[in-house]
Amino acid sequence: RKEVEQDPGPFNVPEGATVAFNCTYSNSASQSFFWYRQDCRKEPKLLMSVYSSGNEDGRFTAQLNRASQYISLLIRDSKLSDSATYLCVPRQGGGGATNKLIFGTGTLLAVQP
Amino acid sequence: NAGVTQTPKFQVLKTGQSMTLQCAQDMNHNSMYWYRQDPGMGLRLIYYSASEGTTDKGEVPNGYNVSRLNKREFSLRLESAAPSQTSVYFCASSVWDRVTDTQYFGPGTRLTVL
């Protein structure tokens, strides 16, 4: 089983739609989780951090289900500018400066006008 | 505040040539990382440096060496490039604490080995 699994997409949605991505992870010891956004041929940038059951930031909501080992990202009222690849990133282990991030392959979102 | 900078942006090498990828950060971060990104695969950690003076292997270290020159700079060296090292290379830095662990990435170096 891969350490992080994401549906690669693409998810093609109209502007204004609500879209959700799921991600499953295999390391039950992971304590911290992140969603990064990566635009085409650009570097990843942090979108959200999730340390407890979830987090909300404007139109973006992340939910964590530790029992089932999955994380979701919900985007409401999609904008054209939301078009990007969304990377699910658990942090390996329980914490510590040498704990490493494990990057998923990403889910591609294309918001259509 | 430039964040994380990388040079060069693009590079073409012939098999067997060597080169060094440079990375610098101006955010006073302790930890620095080198990743490679290949189509259909997530970013994979090559080497990291948790603090100045230390370096450790990541998931895919073979064929690479690193130097943490000082707190700001972390370089990646390919001694004898191979076509399998064709990839996009990202450098990142972070300041870790128990609550946050945001990694900031440079713009990447696109390397082709012929």
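Above this text sits the structure in question.
Calculation criteria
Residues numbered from 1 in each chain as written. Chains lettered and ligands numbered in written order. Predicted model: local features only at pLDDT ≥ 70, side-chain atom pairs only at ≥ 80, totals over all residues. Heavy atoms only, no water. Helix = DSSP H or I, 4+ residues; strand = E, 2+ residues; numbered from the N terminus. Rg over C-alpha atoms; globule rule 2.2 N^0.38 Å. Buried < 20%, exposed > 50% of the residue type's maximum accessible area, 1.4 Å probe, protein only. Contact = heavy atoms within 4.5 Å. Areas by Shrake-Rupley, 256 points an atom, 1.4 Å probe, with all protein chains shown as cover. Lys, Arg positive; Asp, Glu negative; His and termini not counted. Charge placed at Lys NZ, Arg CZ, Asp CG, Glu CD. Pairing = 2+ DSSP bridges. Axes fitted to C-alpha atoms, helices over the stretch in contact; angles between N-to-C directions. 1 Å grid on protein atoms, 1.4 Å probe; cavity = no way out; pocket = protein on both sides within 12 Å on 5 of 7 lines; lining within 4 Å. Points joined across faces, edges and corners; volume = space filled by probe spheres on them.

A. Just the overall build of chain B, in detail. On a plain count of helices and strands, chain B comes out with zero helices and eleven strands. For chain B, the sequential pattern of α-helices and β-strands runs β-β-β-β-β-β-β-β-β-β-β. Taken against the 2.2 N^0.38 rule, which gives 13 Å for 114 residues, the C-alpha radius of gyration of chain B at 13 Å falls within 12% of a compact globule. In terms of overall dimensions, chain B has C-alpha extents of about 40 × 30 × 25 Å along its principal axes. Burial statistics for chain B: of 114 residues in total, 49% are counted as buried. The long-range fraction of contacts in chain B, counting pairs at least 24 apart against all pairs at least 6 apart in sequence, stands at 55%. A total of about 5,300 Å² of accessible surface is found on chain B, and carbon and sulfur atoms cover 50% of it. Once the 11 positive and 9 negative side-chain charges of chain B are each reduced to a mean point, those two points are 6 Å apart.

B. Summary view of the pairing of strand E9 (residues 84-90) of chain A. Residue and element names in this part refer to chain A. Counted residue by residue, E9 has seven buried out of seven residues, so it is predominantly covered. Every second residue of E9 is oriented toward a common face, with Ala84, Tyr86, Cys88 and Pro90 on one face and Thr85, Leu87 and Val89 on the other, all of them buried. Bridge analysis of E9 against strand E10 (residues 107-112) gives three bridges, and the strand direction is antiparallel. Paired with threonine 85 across the bridge in E10 is leucine 108.

C. Quick look at the environment of leucine 111 of chain B. Mapped onto the elements, leucine 111 of chain B comes out in strand E11 (residues 109-113). For the pair formed by leucine 111 of chain B and glutamate 79 of chain B, sequence separation is 32 residues and the distance between their alpha carbons is 14 Å.

D. Inspection of the sheet that holds strand E1 (residues 4-6) of chain A at higher detail. All names here are of chain A. Here five strands make up an open sheet; going across it, the order is E1-E3-E8-E7-E6 and the pairing antiparallel. The two strands at the open ends of the sheet, each matched to only one other strand, are E1 and strand E6 (54-57). Each strand of the sheet is rotated relative to its neighbour by a mean of 15°, with strand direction disregarded. Sheet topology note: the E1/strand E3 (residues 19-25) ladder contains three bridges and is antiparallel. Across the sheet, the residue bridging to valine 4 is tyrosine 25, located in E3.

E. A look at the layout of surface pockets. What the largest pocket holds in volume is close to 450 Å³. Every residue lining the largest pocket is counted, 19 residues in all, and those nearest its centre are Gln38 and Arg41 of chain A together with Gln37, Asp38 and Pro39 of chain B. Sorting the residues of the lining of the largest pocket by element identifies E9 of chain A together with strand E9 (87-94) of chain B as the ones contributing at least two each. The computed volume of the second largest pocket comes to approximately 350 Å³.

F. Highlighting the pairing of strand E5 (residues 44-49) of chain B. All names here are of chain B. With respect to burial, E5 is a largely interior element, six of its six residues being buried. Bridge count between strand E4 (residues 31-37) and E5: five bridges; the pairing is antiparallel. Paired with arginine 36 across the bridge in E5 is arginine 44. Once E4 ends, the chain turns through six residues before running back antiparallel as E5, passing glycine 40 with a positive phi of about 75°. Where E5 hands over to strand E6 (residues 56-57), the hairpin turn is made up of six residues, of which glycine 53 adopts a positive phi near 95°.

Such coordinate-based values are descriptive only and should not be taken to indicate function.
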